[in-house]
Amino acid sequence: MSATTHDETHAHGDAHEHHDHGPAKGFMRWVTTTNHKDIGTLYLITGLIMFFVGGAMALVIRAELFEPGLQYVDPHFFNQMTTLHALIMVFGAVMPAFAGLANWMIPMMIGAPDMALPRMNNWSFWLLPFSFVMLASTLFMDGGAAAAGWTLYPPLVLQTGNALPFTVFTVHMLGMSSIMAAINIIVTVFNMRAPGMTMMKLPLFVWTWVITAFLLIAVMPVFAGAVTMLLTDKFFGTSFFNAAGGGDPVLYQHLFWFFGHPEVYILILPSFGIISSIIPTFSRKPLFGYSSMVYATAAIGFLSFIVWAHHQYTVGMPIAGELYFTYATMLIAVPTGVKVFNWLATMWRGAMTFETPMLFAIAFVVLFTMGGFTGVMMSISPADLQYHDTYFIVAHFHYVLVPGAVFALFAATYYWLPKWTGHMYDERLGQLHFWLTTISVNICFFPQHFVGLAGMPRRIPDYAVQFAEFNALSSVGAFVFGFSQLIFAYVIYKAIKGGVKASSEVWEGAEAHGLEWHLPSPPPYHTWTEAPAQEIISDLH
Amino acid sequence: MATTTKDAYYIPHKAQWPIFGSIGLSTLLAGFANFLNGASYGSTMMIVGAGVLITMLFGWFGTVIAESESGIFNDQVDRSFRMGMAWFIFSEVMFFAAFFGSLYYTRVLSESWLAGNESFSLGATRQLWDGFTAAWPNNGPAHIGGLEEGKFEPMGAWGLPALNTLILLSSGATVTWAHWGLLAQNRAQLIKGLIATVVLGFSFVIFQAIEYHEAYTEMGLTLGTGIYGSTFFMLTGFHGLHVTIGAIFLTVILFRCVRGHFSAKHHFAFEAAAWYWHFVDVVWLGLFIFVYWL
């Protein structure tokens, strides 16, 4: 391998490939692009837009719940909002945003010229806008959108009007998109690593995405199969979920959660990777326990397949099933604990600074761990009989998804935005965004633990007056949280438009933490068309 | 080091086909949804969408085949294709796993719960479905579907299904024989082997169609015949669809072989088709054992 620097590589590439070197002009650039950075940008912008769409739906929910009684929306529309809010946040905001990060960062991190299958990469993205238009259109159909919750349980979901087949097909298209993206990521990492970039040298973000991609390929088809059975039960007379015909509605729950439990790890594992990248940089230390992080991630991935029925403790299962799923679920706390320990140990005696990415990363560790603890509480089957379908559950999974997955996405954006745009973001606004977000997210979700334990059911637009104060507080938090995100959008816009020029390293000492920091900011359209030099790779830690 | 075209990893530019794929697929699916909802324009939308989708498939595969024949794919690109195909087949395995899992769940677990054989389901069953006893095959306590009084005849294993097993297993052998021909640069063996595989593949589909016809017209066994009909037709139906796709895939490969594509070293598409074919073969063995036989 030649020891050329990135700039020489760029010039070198120019000399050999006159055609198609830079981006095409105009809108068609984005439609036909095969460039991992373009596709990453498309995913990230889609994720951000859908975050606001899903967020607006959350604010409809919180406005209605601001006080007891029915104020703004009728109960059926309220249920459509809870259903679509979840589907959009999961499939429209968080998953595309992670896919965008994977597209942008994985080739740059492993020294590859692009994703392994660039055309398929384009299709993975371009299925999404069509899927979301289809999903959004269901709001305007006879009978409204699906209103049975994002889990789409039968028999309730079979009462959906014209929206049912559209919802099912949306799931199929999103599934195809995810599977293609996941295949691309796995093949890229297995086949496109630069010489010297061994598997145990991969940045944790790459590792966590490989395991996430495996989960996606394994479970998205099961979800596709389950919703196909919903479709045939409704329109073709099958009896999968109909006890009169010998089927069982609980079968759907098993199929759904065989998908759904790995799915929630699909939403969190890349976050672990991001946090494992950011904490070492701002602690100015190597990551503590790299290999244990890899094994812990793999262990979490494996366990995610064998714990699904802990979502169904109240449905009527044999006692052996209740016991098995209780103990298996508790096991997950072990590898997760390894991770939290390693993050703390990385910070221990580090020369820490607290720029916005690090603030979000630290808040992630604290708040995600709280969400994890409530998860351990709910893993205990007899205790969960009390928590099931209450706001305690809502509080739990929002703690792992908002100050968990979403905070990781904020952290990642601030961390890599200077790399992508070539400009430093506005640190003052970033910190303002952090404090407003972190305070408001707790005002929003913390009280939900209390009303949940006191028995307030989820997915109901009205509630007993005893829950009024906490709900009002929660709604205030939600609105502050929602509007604070406009600052985030503005910071991104501002950094794209201009700002202090970012160096290639961006963060002090970052060059030791990953190959992406050896590329200029912003990186040229094609990077690592020649593999990075061996010394660079062997110096990484 | 990447100085010649062949050394560099080939990265295509300006992919115009994916957007056609998205337009075609979403039109097809939206058309199907409208059709299911009873809208008159649904079937027209489906035809238009399917047309766009098929155009996309021809265009996209055509482009890649032309690129492959021009020799710009190096070994690393070949490896990406192989890994991609293997993981795609894994996703297909998981799709079938959902249906096999449903068969297992209903046959082994929920039938017995529905019959009230377990303490936790006893009360509800006695209230709702008193007198139902768990025995496979069944179409549920309400005897949904079937002929008069919900009677139906389950599909036996040792008629057409056994013949189809023989056909698919033989086709697995013939495709391997064709592959040996390709490796030994014996074109006659390659083409003969592929023709035999394609003929066997489509024969399987025809026999399956005859079996379905018999089930619908004489046995009272339809998609709507309770849980037995649901699992039987969804499992064998999705498998039959995959056999059809695999046979079309092999037919394309056959045409390409006749045109002189592929060499002993460079024949990813042939192997992809063969892997896919072995995959439908293995799924069939599962079907034969768990759906037809046991």
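Residues numbered from 1 in each chain as written. Chains lettered and ligands numbered in written order. Predicted model: local features only at pLDDT ≥ 70, side-chain atom pairs only at ≥ 80, totals over all residues. Heavy atoms only, no water.

Undergrad: If you had to explain the domain arrangement of chain B to someone new, which residues and values would you point to?
TA: Often, the extent of an interface is quoted as the loss of accessible area on bringing the components together. All names here are of chain B. We note that the domain assignment places domain 1 (1-73) and domain 2 (75-293) within chain B. One C-alpha centre belongs to domain 1, the other to domain 2; they are set 26 Å apart. Counting residues at the interface gives 6 residues for domain 1, matched by 9 residues for domain 2. The interface formed by domain 1 and domain 2 includes 1 salt bridge. With its nearest N and O atoms 3.5 Å apart, the salt bridge here joins Glu69 to Arg256. Run the count over domain 1 and domain 2 and you get 2 residue pairs in polar contact (both at pLDDT 80 or more). A class-by-class count of the residues in the side of domain 1 that touches domain 2 yields 4 nonpolar, 1 polar and 1 charged. (Domains from an automatic or database assignment. Contact = heavy atoms within 4.5 Å. Salt bridge = Lys/Arg side-chain N within 4 Å of Asp/Glu carboxyl O. Polar contact = N/O pair within 3.5 Å; in protein donor to acceptor, adjacent residues only side chain to side chain. Nonpolar A, V, L, I, M, F, W, Y, C, P; charged D, E, K, R; others polar.)

Undergrad: Go over the interface of chain B and chain A, please, and point to the residues and values.
TA: Listed as interface residues are 68 residues of chain B and, on the opposing side, 69 residues of chain A. Taken together, the two surfaces of chain B and chain A that pack against each other cover about 5,800 Å², and 73% of this comes from carbon and sulfur. At the boundary of chain B and chain A, one finds 1 salt bridge. Linking Arg119 of chain A and Glu67 of chain B is a salt bridge whose minimum nitrogen-to-oxygen distance equals 2.4 Å. Here chain B and chain A share 16 residue pairs in polar contact (both at pLDDT 80 or more) between them. Secondary structure elements with two or more residues in the side of chain B that touches chain A: helix H1 (17-36), helix H2 (42-69), helix H3 (75-114) and helix H7 (226-258) of chain B. The element contributing the most residues to the side of chain B that touches chain A is H3 of chain B, with 21 residues. Across the side of chain B that touches chain A, the residue classes tally to 40 nonpolar, 24 polar and 4 charged. (Buried area = accessible area lost by both parts, 1.4 Å probe. Helix = DSSP H or I, 4+ residues; strand = E, 2+ residues; numbered from the N terminus.)

Undergrad: So what's going on with empty space enclosed by the protein? Residues and values would help.
TA: Unfilled space is identified by rolling a water-sized probe across the atoms. All names here are of chain A. A full pass over the atoms with the stated rule returns 3 cavities of 30 Å³ or more. Within this model, the largest cavity holds a volume of roughly 150 Å³. Residue lining of the largest cavity: 15 residues in total, with Met95, Pro96, Ala99, Ser178 and Ala181 positioned closest to the centre. If you list the elements that add at least two residues to the lining of the largest cavity, you get helix H4 (75-110), helix H6 (163-191) and helix H7 (204-235). Across the lining of the largest cavity, the residue classes break down as 13 nonpolar, 2 polar and no charged. (1 Å grid on protein atoms, 1.4 Å probe; cavity = no way out; pocket = protein on both sides within 12 Å on 5 of 7 lines; lining within 4 Å. Points joined across faces, edges and corners; volume = space filled by probe spheres on them.)

Undergrad: An account of the packing of aromatic side chains is needed here, citing residue identities and associated values.
TA: Under the defined criterion, the tally for this structure stands at 83 aromatic pairs over all chains. Arranged with centres 6.2 Å apart and planes meeting at 80 degrees, the rings of Tyr153 of chain A and Tyr252 of chain A form a pair that is edge-to-face. Taken as a pair, Tyr153 of chain A in the loop between helix H5 (118-137) and H6 and Tyr252 of chain A in helix H8 (residues 249-283) lie far apart in primary sequence, 99 residues in all. In this structure Tyr252 of chain A comes out as buried when scored by relative accessible area, which is 0%. Their ring planes at 25 degrees and their centres at 5.6 Å tell us that Phe152 of chain B and Tyr228 of chain B sit as a pair that is stacked. Of this pair, Phe152 of chain B sits in the loop between helix H4 (122-128) and helix H5 (160-183) while Tyr228 of chain B sits in helix H7, and the two are 76 residues apart along the sequence. No difference in accessibility class separates Phe152 of chain B from Tyr228 of chain B, as the two residues are buried. (Phe/Tyr/Trp six-rings, centres within 6.5 Å; stacked < 30°, edge-to-face > 60°. Buried < 20%, exposed > 50% of the residue type's maximum accessible area, 1.4 Å probe, protein only.)

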